[in-house]
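# Examining the three-dimensional arrangement
This is what each chain is made of:
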Amino acid sequence: MHRLSKRSVTAILRSTTAARYRDVAAPISSSHFFYDSADGDSKGRWYSSLTSGRCNVNGSIKPFKSTNEPFLGCRYESTAAASDSPSEKFEYQAEVSRLMDLIVNSLYSNKEVFLRELISNASDALDKLRFLGVTQPEILKDGVDLDIRIQTDKDNGVITITDSGIGMTRQELVDCLGTIAQSGTAKFLKALKDSKDAGADSNLIGQFGVGFYSAFLVSEQVEVSTKSPKSDKQYVWVGEANSSTYTIREETDPAKLLPRGTRLTLYLKRDDKGFAHPERIEKLVKNYSQFVSFPIYTWQEKGYTKEVEVDKDPAEAKNDGEDATAEKKKKTKKIVEKYWDWELTNETQPIWLRSPKEVSKEEYNEFYKKTFNEYLEPLASSHFTTEGEVEFRSILYVPSVSPMGKDDIVNPKTKNIRLYVKRVFISDDFDGELFPRYLSFIKGIVDSNDLPLNVSREILQESRIVRIMRKRLVRKAFEMIQGISLSENKDDYDKFWENYGKHLKLGCIEDRENHKRLAPLLRFFSSQSDEFTISLDEYVENMKPDQKDIYYIASDSVTSAKNTPFLEKLLEKDLEVLFLVDPIDEVAIQNLKSYKEKNFVDISKEDLDLGDKNEDKEKEIKQEFGQTCDWIKKRLGDKVASVQISNRLSSSPCVLVSGKFGWSANMERLMKAQTVGDTSNLDFMRSRRVFEINPEHPIIRTLNEAYRSTPDDEEALRAIDLLYDAALVSSGFTPENPAQLGGKIYEMMNMALAGKYGTVGGYQQQVNQQSYIPETVEAEVVEPAEAGGQK
């Protein structure tokens, strides 16, 4: 931090009228009182450092209570006459009704933020005082500690917030609290910026100027009592909700005088008196203002245990009298003595303001567990500061286990990112503004100095600052995940992939800009690694020298993928094939398109090129089986787009492949399973199927001979139909009529068994008459009970 010269600060003060309160109100200050108790007197008296008056304090007093702690909850007996000075009435410089509408409907969607705003004001007043005290030590001569104190009266619904900050003069009250949306903090910062010597970061919070008026979200009346070191008098500002005027008067009651600072008293509305409970105030302070740099004390009820004597029952006393030799012992019991005292509420210091070199791994993990209520240590963390066009500090974590379950990857309401503005908590309710939803599992803290305190979702969506922050946060998240993948302990990334693998695959679909960062993090099973997943880098390293593409097959399980007929020729050539067994895998790979200049190729699609074409041999095979292919196509009709010679089969007679731009069998299965899917596209996307035959298989050679001798033979034609249905099943498609397929299989079984053990007999005639339906005409619906020819 640069230091300002005394001359520079003097110039600043002249140009600002005075250093004012952050969001309009100068903060609130506590005075010091001293406790005095005579021996044996259970009632103590509190002495004000400003007056000679006393006040009686009823109730038990903690014996070891400090004698110099401030006490704001008593009434004072003063010898001075408390005559009220005349009040002056002022008009606001804007319509309060419009202001309240702005605050309630636009700036603040949650009433409880009023305390955050007022504490931020108090923090600003303390910051200004500390800053000006460097060159003007006389303003700190009273020696009052720099702190914020909050006291509540739940019976009457009153909240008192006191700080020992800079305070305000009478003119500053008129300028700041009488002018809507005027910020003393903004003027103070502008003066620092305009000064030649201004290189200092005063770290003030508010610049917008409406934070003070958030008090009217919950208050019927607000009273501001303030004392500036530049004035000998203390003034009281009083305003009411839905009123166009306010009053200012001089404070003449010696019991209410402050050495310095501001006391803000809120008289709550009937429906909002619940905010006056000490437990509620403590919770709000810990939630929103936990990391404010000044100590915040709240007035809390406490208790300590002590032993007291208990009177004996008459029966016990009589027994004791009969036994004169028995030693008499005093009977005691433990009771809890209640008392009220100040309690420091913001004990945790923000570790993100410290240098990463000074914070240990244990401290990071402890902060993670405490902030996000976790019991397991994170897999990784990243602490960084971004400077330049946008400045912010952040700590990000990768949790060990997904709290929402491995399958819940589209829930945007995670509350995993806590946004702070100058250490003041703003919100954790974001919908993808700071992180895309596929990285919603990342947890962390983001503290910005550039955003306003009244951040809403609309502001975040339209803010250029937030867009820049988002890019840098995403980049740091990827670096953190990449660090896990490169760790010596491979179990860490296996655990990460098990929990968050689907999130990264979703990122391949939604975030094209980060494909280069996402692709190296993906893991898949393969034909050469069906027990352990491999990365795309490992696949590329294992590729054959003449291999141009990355091959994959989508299926519902590793077992199904291993046994698919599409793999036969690739396994013979020792070509590795990725197994995409998650429903999201196929769409993710299709969006990636390529990796390291290698295209992804689905081996279940037509026009598969394995790099071993022999044009002479292909020409010879086409001449031999070309007419047979036409014969099979004529029989199958519109069920297939064409019949071709296959280059991917070695042991299977045929396979049914998808069109180059149509759905694969796996995708068709997934689309049919959609709850609200549109089935009208099914016919269009699945219409182009190619029936590929293996010319080396005995069944195909037999059909080739059948075509040459008797192309109209019924058994040969029925064999083509059964061959197509079998190819449907083996290729991963679903038969349109499973019952009819079952009938054909039963028929073939009967013929095989009858040929070996007996004659076909009447069963064959019954099948011919009832079960078999020529495929060249439109099929009728056959009930499953009639598939075998029996009713």
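Residues numbered from 1 in each chain as written. Predicted model: local features only at pLDDT ≥ 70, side-chain atom pairs only at ≥ 80, totals over all residues. Heavy atoms only, no water.

### Description of the pattern of salt bridges
For the coordinates displayed, the defined rule picks out 26 salt bridges. Here Lys 505 makes a salt bridge to Asp 582, at a shortest N to O gap of 2.9 Å. With Lys 505 in helix α11 (residues 490-510) and Asp 582 in the loop between β21 (577-580) and α16 (585-592), this pair connects stretches of sequence that are 77 residues apart. According to the relative accessible area criterion, Lys 505 is buried, its value standing at 4%. Across the salt bridge formed by Arg 701 and Glu 624, the nearest N and O atoms sit 3.8 Å from each other. One end of the pair, Arg 701, is in helix α20 (residues 698-709); the other, Glu 624, is in helix α17 (residues 615-636), and 77 residues separate them in sequence. For Arg 701, a relative accessible area of 36% gives the class partly exposed. Among the charged side chains, a salt-bridge network with shared partners connects Lys 505, Asp 582 and Asp 585. (Salt bridge = Lys/Arg side-chain N within 4 Å of Asp/Glu carboxyl O. Helix = DSSP H or I, 4+ residues; strand = E, 2+ residues; numbered from the N terminus. Buried < 20%, exposed > 50% of the residue type's maximum accessible area, 1.4 Å probe, protein only.)

### Quick notes on a nonpolar patch on the surface
Where nonpolar side chains cluster on the molecular surface, the patch consists of Tyr 375, Leu 376 and Val 401 and spans about 320 Å² of accessible area. Topologically, Leu 376 is positioned in the loop between α8 (361-372) and β13 (380-386). Given a relative accessible area of 34%, Leu 376 falls into the partly exposed group. (Patch = residues over 30% accessible without salt bridge, like charges linked within 9 Å, V, L, I, M, F, W, Y side chains within 5 Å. Areas by Shrake-Rupley, 256 points an atom, 1.4 Å probe, with all protein chains shown as cover.)

### Section: the sheet that holds strand β18 (residues 523-526)
Strand pairing in a sheet is mediated by backbone hydrogen bonds. Such pairs are either parallel or antiparallel. Read from one edge of the open sheet, six strands run β19-β18-β21-β20-β23-β22, paired in mixed fashion. Strands at the two margins of the open sheet, each flanked by one partner only, are β19 (529-535) and β22 (594-595). Bridge count for strand β20 (residues 549-554) against β21 is four bridges, and the pairing is parallel. Its bridge partner lying in β21, Ala 554 is registered against Leu 580. (Pairing = 2+ DSSP bridges.)

### Comments concerning the confidence of the model for the chain
Taken over all residues, the pLDDT of the chain has a mean of 77, while the share at 70 or more is 72%. For the stretch residues 1-83, pLDDT sits under 50, and the model shows 232 contacts to residues farther than four places along the chain or on other chains. (pLDDT = per-residue confidence, 0-100. Contact = heavy atoms within 4.5 Å.)

### Re the sheet that holds strand β8 (residues 234-240)
Read across the open sheet, the nine strands follow the order β4-β9-β8-β7-β10-β6-β5-β11-β12; overall the sheet is mixed. Strands at the two margins of the open sheet, each flanked by one partner only, are β4 (88-91) and β12 (332-344). Within this sheet the neighbouring strands show an average axis-to-axis angle of 25°, counted without direction. Across four bridges, the pairing between β4 and strand β9 (residues 245-250) is antiparallel. For Phe 90, the partnering residue across the bridge sits in β9 and is Tyr 246. Lying on the sheet, helix α3 (residues 113-132) is in contact with β5 (148-153), β6 (158-163), β10 (261-268) and β11 (296-309); it crosses β5 at an angle near 145°. (Axes fitted to C-alpha atoms, helices over the stretch in contact; angles between N-to-C directions.)

### As for a negative patch on the surface
There is a patch of like negative charges on the surface, built from Glu 615, Asp 616, Glu 618 and Glu 620. Tracing the backbone through its elements, the reader meets Glu 620 in helix α17. When its relative accessible area of 54% is taken as the criterion, Glu 620 is described as exposed. (Lys, Arg positive; Asp, Glu negative; His and termini not counted. Charge placed at Lys NZ, Arg CZ, Asp CG, Glu CD.)

### So, the nonpolar core
Of all hydrophobic cores here, the largest spans 76 residues; its most connected members are Phe 435, Leu 439, Leu 504 and Tyr 551. Every residue in contact with Tyr 551, bar those within four places of it in the chain, is listed here: Tyr 539, Leu 570, Leu 575, Glu 576, Val 577, Leu 578, Val 601, Ile 603, Leu 608, Asp 609 and Leu 610. With 56 residues, the next largest nonpolar core counts Val 224, Phe 291, Ile 296 and Val 359 among its residues. (Core = buried A, V, L, I, M, F, W, Y, C linked by side-chain atoms within 4.5 Å.)

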